[in-house]
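Close look at the chain arrangement
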Amino acid sequence: RRELLDDGLSNPETMGFAPGETLLLRSEDYGKTWTDPEVLTPPLVGPEFELCCPITVLPDGRWIWPTSTWFDWAGNCPSGLRMIAWISEDEGKTWPTYMDVMHEDGNGAFFWESKIVALNDGRLLAVAWAYDNEKKADRENQYTLSSDSGKTWTPLASTGLQGQTLTPILLEDGRILSVYRRMDQPGLWANLSHLEGDTWVNSGATPIWGQQAAKLTGETDNMSDNFAVLRFGAPTLTRRDDGTIYGAFWGYEDCVSVLRWFTMLVP
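Residues numbered from 1 in each chain as written. Predicted model: local features only at pLDDT ≥ 70, side-chain atom pairs only at ≥ 80, totals over all residues. Heavy atoms only, no water.

Some details on the overall build of the chain
Looking only at helices and strands, the chain has one helix and 19 strands in total. Here the C-alpha atoms of the chain give a radius of gyration of 18 Å, agreeing with the 18 Å that 2.2 N^0.38 yields for 267 residues. Seen through its principal axes, the chain has C-alpha atoms that stretch 50 × 45 × 45 Å. With 267 residues in all, the chain has 47% of them scored as buried. Across the chain, contacts joining residues at least 24 apart in sequence account for 44% of those joining residues at least 6 apart. For the chain, the distance from the average position of its 21 positive side-chain charges to the average position of its 38 negative side-chain charges is 3 Å. (Helix = DSSP H or I, 4+ residues; strand = E, 2+ residues; numbered from the N terminus. Rg over C-alpha atoms; globule rule 2.2 N^0.38 Å. Buried < 20%, exposed > 50% of the residue type's maximum accessible area, 1.4 Å probe, protein only. Contact = heavy atoms within 4.5 Å. Lys, Arg positive; Asp, Glu negative; His and termini not counted. Charge placed at Lys NZ, Arg CZ, Asp CG, Glu CD.)

Here's the deal with the pairing of strand β16 (residues 199-209)
Relative to β16, strand β15 (residues 188-196) runs antiparallel, the two being bridged by nine bridges. Among the inter-strand pairings, E196 is bridged to a residue of β16, identified as T199. In this antiparallel pair of consecutive strands, β15 and β16, the connection spans two residues, and G197 shows a positive phi of 70 degrees. (Pairing = 2+ DSSP bridges.)

Observations regarding the nonpolar core
One finds M83, V101 and I116 to be the most contacted residues of the largest nonpolar core, which totals 16 residues. Sorting elements by how many residues they give to this core places strand β9 (residues 124-132) first, with four residues. Those residues within four positions of V101 in sequence are excluded, and the remaining contacts are M83, I84, A85, I116, A126, T144 and W153. Grouped together as the second largest cluster of nonpolar side chains are 15 residues, V179, L237, F249 and F262 included. (Core = buried A, V, L, I, M, F, W, Y, C linked by side-chain atoms within 4.5 Å.)

A closer look at the packing of aromatic side chains
Think of a pair of aromatic rings as described by two things: how far the centres are apart, and how the planes are tilted against each other in angle. Applying the stated rule across the entire model yields 16 aromatic pairs. Note on W112 and W129: the rings are 5.0 Å apart at their centroids and 70 degrees apart in plane angle, and the pair reads as edge-to-face. Of the two residues, W112 sits in strand β8 (residues 109-118) while W129 sits in strand β9, which places them 17 residues apart along the sequence. Comparing W112 with W129, the two get one shared label, buried. Site record: aromatic cluster; members linked through ring pairs are F17, W70, F71, F110, W112, W129 and Y131. Taking the ring centre of F232 as reference, the NZ or CZ of R181 above it sits at 5.8 Å. (Phe/Tyr/Trp six-rings, centres within 6.5 Å; stacked < 30°, edge-to-face > 60°. Lys NZ or Arg CZ within 6 Å of the ring centre and 35° of its normal.)

Things to note about unusual backbone geometry
Residue P47 is bonded to the preceding G46 through a cis peptide linkage, with omega at 5 degrees. Examined against the element boundaries, P47 turns out to sit in the loop between β2 (38-39) and β3 (48-50). For K136, which is not glycine, the phi torsion reads 55 degrees and is therefore positive. Looking at where K136 falls in the secondary structure, it is placed in the loop between β9 and β10 (137-138). The exposure class assigned to K136 is partly exposed, which follows from its relative accessible area of 34%. The residue S149 is not glycine, and still its phi comes out positive at about 60 degrees. Mapped onto the elements, S149 comes out in the loop between β11 (142-146) and β12 (157-158). Using a relative accessible area of 37% as the deciding quantity, one classes S149 as partly exposed.

The structure is reproduced here in structure tokens:
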């Protein structure tokens, strides 16, 4: 990135992303120590990729890594804008293939911060923050389902949530707890939902952090500029042995970058 040191991560003229490598590090002691970075070879030309999503281990042993293609700095995107998932059959050593999950013809939308979870009935659920590249505005968070281990997916549908950075976790009773950066109201919110067949049904939401704060997000029609003023996001969730949900996210408070954590007990 030496040639772009003063230009930030994205190009405001093309929405292109700065060039980068994909690295994988491993820990066998719960994060106390880490291996040296492994440089991964992507299974297709991005040319750039948005990688901020957890790896999902499927029941058949495959690892899948949700990601999205992204324009290069000049605005080129030979594979088209799409949410995909890289596939590894050797526990992350190589990622030679991928599955298509979400895309539209004509580079109509970005599918950012995508996630995939396995449901109790064997289906896969994928969600994403959808940004309309033509209208220069967010859509409601999108979802799709697969009943054949990711070979095919249902048509894109709306979750009814006006937000970004949606992270779902499956509860033991089959309900879906999602935490996301809400855009119609301030702050980080939690939402409970369930699936009726292929239909996403919301049953309630509650604020977690920042609902009284102002200027947490940008609202211009230039998403590259909006990235520069974001003040929180990227929630991560995991279930603890006692049944509580542990979450963490980044934030920016009083000119200090912080990591916040929270716990939830879902009735």
